[in-house]
Amino acid sequence: MADPNPPQTFALGSPRVLVAGATGFAGALAAHLLWRHPGFELAGVTGRSEVGRRLDELYPRYRVPLEIQRLDLDGLAIDRDTGGRLAAAVVAYPHAAAAQTVGALRELDVRVVDLSADFRLSSLATYEQWYGPHPRPDLLDQAAYGLSELHRAQIAQAGIVANPGCYPTAAVLGLAPLARAGLIADVVIDAKQGISGAGRTFDETTHLSMAGENILAYNVASHRHTPEIEEQLGLLGAGMPVQFQAHLVPLDQGELASCYVTPTRTVAAAELDELYEAAYASEPFVEVVDTPPGTREVRETNFCRVFAAADGHTGKVVVLSAIDNLWKGTSSQAVQNLNLMFGLPETEGLA
């Protein structure tokens, strides 16, 4: 009988990567992807709970046979058997809890992909408006925003890569071609996501009795991903307030962002098609499609599927963008960023 948990296979001298916070959905999936990645060695998995258990006991489907440890950077920084140094870490902690660990890793010259919101915003004032005091504002200038389709060069050189939020990933990829072309006068983003986006800690909203057979709006007029979307669109030339609304839908995972754009001028369907095809023709993980995408099409992949249509009745442009919120929205995008950071093919371990 084949071993259900075969040893990791990676090239000699591959960068050693730690996953901190591997007991949550995002960290566990990142560990799963890195365990199977031919270009990285998964050096360890840590957690604040479940210490001493193997990750494949907590998440049997991921089959990562490593014991969950407490985070001990002195013990993990150098492999005592080989002398190999820790090269990178994926930090899967909530906002505010991540920054101190990111700072400690940077002091060891470890490059970090941070899954929290702590380094996604370049403006300290904006961060503190939406999240409160920043634990490590001194590190902000080390961070690159980790949407590789927009920031490859910065990501490749960065010490800290701020993995985007899942909603901004879908929305910004959907809207970027219009923003670059100066075609967004106003936009409303209506986004829907499965309950995995809430993580392992469930409340009355994400409990099955409420989430099943139901659609719920949450964080109405106050969602923290709003300034992240605004900042990224502003960098592309579309600086404006964005109306963003998130909804919980009865799915395990998956996300669809429906974007309703008032253009700065009339946009014909042919021009729209050419704009999107040109923008993403060479992108390995963005697919421009000619029919509205669904979440099932991208489940458990690093793909984003984008559809754009000109509404001749209202003059608006409708953009639909579908991703898997745990994959392209979080963990597989983190691996895509690691590939860029270490000069590996961007698709390695993800195709």
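S.K.: Explain the pairing of strand β1 (residues 16-20) to me, and be specific about the residues and the numbers.
M.R.: Across the 5 residues of β1, 5 count as buried, placing the element largely inside the fold. What you see with β1 is no split at all: Arg-16, Leu-18 and Ala-20 on one side and Val-17 and Val-19 on the other are buried throughout. Relative to strand β4 (residues 86-91), β1 runs parallel, the two sharing 5 bridges. Each bridged residue has a counterpart across the sheet, and for Arg-16 the counterpart in β4 is Leu-86. Pairing of β1 with strand β2 (residues 41-46), which is carried by 5 bridges, proceeds in the parallel orientation. Pairing of Ala-20 across the sheet is with Thr-46, part of β2. Handedness of the crossover joining β1 and β2 through helix α1 (residues 25-35): right-handed.

S.K.: A description of the nonpolar core should follow, citing residues and the corresponding values.
M.R.: Counting 40 residues, the largest nonpolar core has Leu-175, Leu-178, Ile-184, Ile-189 and Val-319 as the members making the most contacts within it. Within the residue set of this core, elements represented by two or more residues are α7 (166-180), β8 (184-193), α9 (226-235), β10 (243-248), β11 (255-263), α10 (269-280), β13 (304-310) and β14 (317-323). Val-17, Phe-40, Tyr-59 and Trp-327 belong to the second largest nonpolar core, which has 39 residues in total.

S.K.: Explain a negative patch on the surface residue by residue, including any values.
M.R.: A cluster of acidic residues, Asp-273, Glu-274, Glu-277 and Asp-290, forms a negative patch on the protein surface. Inspection of the secondary structure assignment puts Asp-290 in the loop between β12 (286-288) and β13.

S.K.: Explain α1 to me, using residue names and the numbers behind them.
M.R.: Extensive coverage of α1 is indicated by the burial of 10 of its 11 residues. Those residues of α1 that fall on the buried side of the exposure criterion are Ala-26, Gly-27, Ala-28, Leu-29, Ala-30, Ala-31, His-32, Leu-33, Leu-34 and Trp-35. Residues of α1 that are buried make contact with β1, β2, α2 (55-58), β4 and α11 (327-341).

S.K.: Explain the sheet that holds β8 residue by residue, including any values.
M.R.: Taken together, the 7 strands give an open sheet; going across it, the order is β9-β10-β8-β11-β14-β13-β12, and neighbouring strands pair in mixed fashion. Whereas interior strands pair on both sides, the edge strands pair on one side only; in this sheet they are β9 (216-218) and β12. Going from strand to strand, the sheet's axes swing by 25° on average, the running direction of each strand aside. The sheet contact formed by β8 and β10 spans 6 bridges and is parallel. In the sheet register, Lys-192 faces β10, and the bridge partner there is His-247. Each of β8, β9, β10, β11, β12, β13 and β14 touches α7; the most contacted strand, β8, lies at about 150° to it.

S.K.: Just give me the short version of the sheet that holds strand β5 (residues 111-114), but keep the residues and values in it.
M.R.: Taken together, 7 strands build an open sheet; the order of strands is β3-β2-β1-β4-β5-β7-β6 and the sheet is parallel. The open sheet is flanked by β3 (68-69) and β6 (143-145), the only strands paired with a single partner. When β4 meets β5, the two strands line up parallel, connected through 4 bridges. Following the sheet pairing, Ala-88 is matched in β5 by Arg-111. Most of the contacts of α11 go to β5, to which it runs at about 155°, and overall it touches β1, β4, β5 and β7 (160-162).

S.K.: Please give an account of the packing of α7 against α9 that cites residues and values.
M.R.: It is at 10 Å that the axes of α7 and α9 come closest, and there the two elements cross at 25°. In terms of orientation, α7 lies roughly parallel with respect to α9. Judged by the sense of rotation from one axis to the other, the crossing of α7 with α9 is right-handed. Contacts between α7 and α9 pair Pro-168, Ala-171, Val-172, Leu-175 and Ala-179 from the former with Glu-228, Ile-229, Gln-232 and Leu-233 from the latter.

S.K.: Give me the packing of aromatic side chains: which residues, what numbers.
M.R.: For any pair of aromatic rings, the description rests on two quantities: the centre-to-centre distance and the angle between the ring planes. For the structure shown, the criterion picks out 6 aromatic pairs. Note on Tyr-59 and Tyr-62: the rings are 5.8 Å apart at their centroids and 25° apart in plane angle, and the pair reads as stacked. Accessibility classification places Tyr-59 together with Tyr-62 in one group, the buried group. Judged by centre distance (5.5 Å) and plane angle (65°), the rings of Phe-285 and Phe-303 are edge-to-face. With Phe-285 in the loop between α10 and β12 and Phe-303 in the loop between β12 and β13, this pair connects stretches of sequence that are 18 residues apart. For Phe-285, a relative accessible area of 1% corresponds to the buried category. Taken together, Phe-25, Tyr-59 and Tyr-62 form an aromatic cluster joined through their ring pairs.

S.K.: A description of the side chain of Thr-226 should follow, citing residues and the corresponding values.
M.R.: Mapped onto the secondary structure, Thr-226 falls in helix α9. Leave out the neighbours within four places in its chain, and Thr-226 touches Trp-130, Val-242 and Phe-244.

S.K.: Outline the layout of surface pockets, listing residues and values.
M.R.: Of the pockets and cavities examined, the second largest pocket occupies roughly 160 Å³. If you trace the second largest pocket, you find it lined by Phe-119, Arg-120, Leu-121, Ser-122, Leu-140, Asp-141, Ala-143, Ala-144, Tyr-145, Glu-231, Gln-232 and Leu-235. Broken down by secondary-structure element, the contributors of at least two residues to the lining of the second largest pocket are β6 and α9. Considered class by class, the residues forming the lining of the second largest pocket number 7 nonpolar, 2 polar and 3 charged.

Rules used throughout
Residues numbered from 1 in each chain as written. Predicted model: local features only at pLDDT ≥ 70, side-chain atom pairs only at ≥ 80, totals over all residues. Heavy atoms only, no water. Buried < 20%, exposed > 50% of the residue type's maximum accessible area, 1.4 Å probe, protein only. Helix = DSSP H or I, 4+ residues; strand = E, 2+ residues; numbered from the N terminus. Pairing = 2+ DSSP bridges. Right-handed = clockwise from strand over helix to strand, strands pointing away. Core = buried A, V, L, I, M, F, W, Y, C linked by side-chain atoms within 4.5 Å. Patch = residues over 30% accessible without salt bridge, like charges linked within 9 Å, V, L, I, M, F, W, Y side chains within 5 Å. Areas by Shrake-Rupley, 256 points an atom, 1.4 Å probe, with all protein chains shown as cover. Salt bridge = Lys/Arg side-chain N within 4 Å of Asp/Glu carboxyl O. Lys, Arg positive; Asp, Glu negative; His and termini not counted. Charge placed at Lys NZ, Arg CZ, Asp CG, Glu CD. Contact = heavy atoms within 4.5 Å. Axes fitted to C-alpha atoms, helices over the stretch in contact; angles between N-to-C directions. Parallel < 35°, antiparallel > 145°, perpendicular 65-115°, else oblique. Left-handed = near helix turned anticlockwise from the far one by under 90°. Phe/Tyr/Trp six-rings, centres within 6.5 Å; stacked < 30°, edge-to-face > 60°. 1 Å grid on protein atoms, 1.4 Å probe; cavity = no way out; pocket = protein on both sides within 12 Å on 5 of 7 lines; lining within 4 Å. Points joined across faces, edges and corners; volume = space filled by probe spheres on them. Nonpolar A, V, L, I, M, F, W, Y, C, P; charged D, E, K, R; others polar.

Geometric values such as these leave the question of function open.
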